[in-house]
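A structural walkthrough
Letter by letter, the chains look like this.
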Amino acid sequence: MNRAETALVNSPPRRALQRFYEVPTLLRLGGALPPNARVLEVGCGAGYGTELILRRFAAARVDALDLDPAMIGRAKRRLAGYADRVRLATGDMTDLRAALGAEDGSFDAVFDFAIVHHVLDWRAALGEIVRVLKPGGRFYFDEVTAAALATRGYRWLFDHPTEDRFTAQEFVAELERQGLQVGSRWRTRIRGHYLLGVAQRPYSDAASR
Ligand SMILES: C[S@@+](CC[C@H](N)C(=O)[O-])C[C@H]1O[C@@H](n2cnc3c(N)ncnc32)[C@H](O)[C@@H]1O
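So, a few notes on the structure that sits alongside this text. (Residues numbered from 1 in each chain as written. Predicted model: local features only at pLDDT ≥ 70, side-chain atom pairs only at ≥ 80, totals over all residues. Heavy atoms only, no water.)

Digging into the pairing of strand β3 (residues 86–90)
For clarity, the cut-off: Strands qualify as paired when DSSP identifies two bridges or more between them. For helices the rule is a DSSP run of H or I covering at least 4 residues; for strands it is a run of E covering at least 2, with both sets numbered from the N terminus onward.
Note: strand β2 (residues 61–66) against β3, five bridges, orientation parallel. Residue pairing for β3: D66 is matched across the bridge by T90.

In structure tokens:
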């Protein structure tokens with residue numbers, strides 16, 4: 001992330017949006033987590049979303065990961081009071097085994113607050129998320145689509161991959177192609193620029209075929 005995007009994602013308006021719109025929408029679409037849920041957040045930034053996952057979704061434990069060590073430093077300061085309910089790591093979400101030692105089927109839920117659109121091979125990134133979800137586990141996503149990334153504001157201010165980005169429909173179709181169930185549990189806002197939704201890994205992989 002460049003400086004402009006770092007400032008924007010950590011600004012009070014963005015945090016208010018995450019707290020008062022994104023989290024309630026994700027809760028409405030996907031429901032609460034099971035008791036004692038073990039959760040992964042990819043691209044946690046400064047840890048504001050991690051705190052919402054702990055407080056609003058009542059996750060028992062969150063593993064939170066970011067590529068940028070400066071963000072992990074900020075998240076450590078923010079989340080110090082949660083002790084061993086949080087584990088923070090610097091690393092790349094495209095290889096969660098290397099970054100966290102994450103085995104197949106190890107999380108009840110994975111959260112993506114606006115990070116997959118940063119990853120060049122976004123389909124492989126989704127594949128890695130699917131791999132670490134338990135059967136019945138849920139993927140809560142809040143994403144930025146190709147339409148937003150193509151606007152003058154995004155191109156001038158921020159630094160994102162420009163090739164092969166996704167529409168909301170393409171993102172949802174890819175999740176379903178990889179075996180998750182989304183159905184009608186997704187929404188767009190601002191003319192399809194942003195996408196929120198919840199996908200579930202079936203309890204049995206046969207159910208997705
Ligand atoms: C737009 S910010 C969102 C931060 C936070 N989730 C939020 O909503 O405030 C995207 C974050 O993803 C991180 N990131 C980008 N590519 C990543 C990757 N491959 N693995 C882990 N983190 C990544 C960036 O360092 C940045 O902190």
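Considering the layout of surface pockets
Defined as follows: Grid points spaced at 1 Å over the protein atoms alone were grouped into cavities, where a 1.4 Å probe fits but cannot get out, and pockets, open sets with protein on both sides within 12 Å along at least five of seven lines, with lining residues defined by an atom within 4 Å of a point. Grid points are joined across faces, edges and corners, and a volume is the space filled by probe spheres set on the points. Only Asp, Glu, Lys and Arg are considered charged, only Ala, Val, Leu, Ile, Met, Phe, Trp, Tyr, Cys and Pro nonpolar, and every remaining residue, Gly among them, polar.
Roughly 900 Å³ of internal volume is contained in the largest pocket. As for the largest pocket, its lining consists of 45 residues, and the residues nearest its centre are M1, E5, V9, A114 and H118. Only α1 (3–9), α2 (12–30), α3 (48–55), β2 and β5 (133–144) provide two or more residues apiece to the lining of the largest pocket. At six residues, α2 tops the list of elements feeding residues into the lining of the largest pocket. Within the lining of the largest pocket, the residues separate by chemical class into 21 nonpolar, 12 polar and 12 charged.

Some remarks on the packing of aromatic side chains
Rules: Geometry of aromatic contacts follows a simple scheme: Phe, Tyr and Trp rings, the Trp one being its six-membered ring, pair when their centres are within 6.5 Å, and the pair is stacked under 30 degrees between planes, edge-to-face over 60, tilted otherwise.
If you walk through the whole model with that rule in mind, you get nine aromatic pairs. Among the aromatic residues, ring-to-ring pairing joins W122, F139, F141, F166 and F171 into one connected group.

Side note on the environment of G49
Put simply, the rule is: Contacts: residue pairs with any heavy atoms within 4.5 Å of one another.
Inspection of the secondary structure assignment puts G49 in helix α3. Distance in space between the C-alpha atoms of G49 and R15 is 8.5 Å, their sequence separation being 34 residues. When sequence neighbours within four positions are dropped, the list of residues in contact with G49 reads Q18, E41 and F113.

Looking at the packing of helix α6 (residues 122–132) against helix α9 (residues 168–177)
The description of two helices packed together rests on the angle between their axes and the distance between the axes. The condition that has to hold: Axis definition: a line fit to C-alpha positions, over the contact stretch in the case of helices; interaxial angles, taken between N-to-C directions, run 0 to 180 degrees. Should an angle lie under 35 degrees it is considered roughly parallel, over 145 roughly antiparallel, and from 65 to 115 roughly perpendicular; all remaining angles are considered oblique. The crossing is said to be left-handed when, going from far helix to near helix, the turn is anticlockwise and less than a right angle, and right-handed when the turn is clockwise.
At a minimum axis separation of 10 Å, α6 and α9 run at an interaxial angle of 45°. The angle between α6 and α9 falls in the class oblique. You can see that α6 and α9 cross each other, and the crossing is right-handed. Touching W122, R123 and L126 of α6 are E170, F171, E174 and L175, all from α9. Split by residue class, the contact of α6 with α9 holds four nonpolar, no polar and three charged.

These figures come from the coordinates and say nothing about function on their own.
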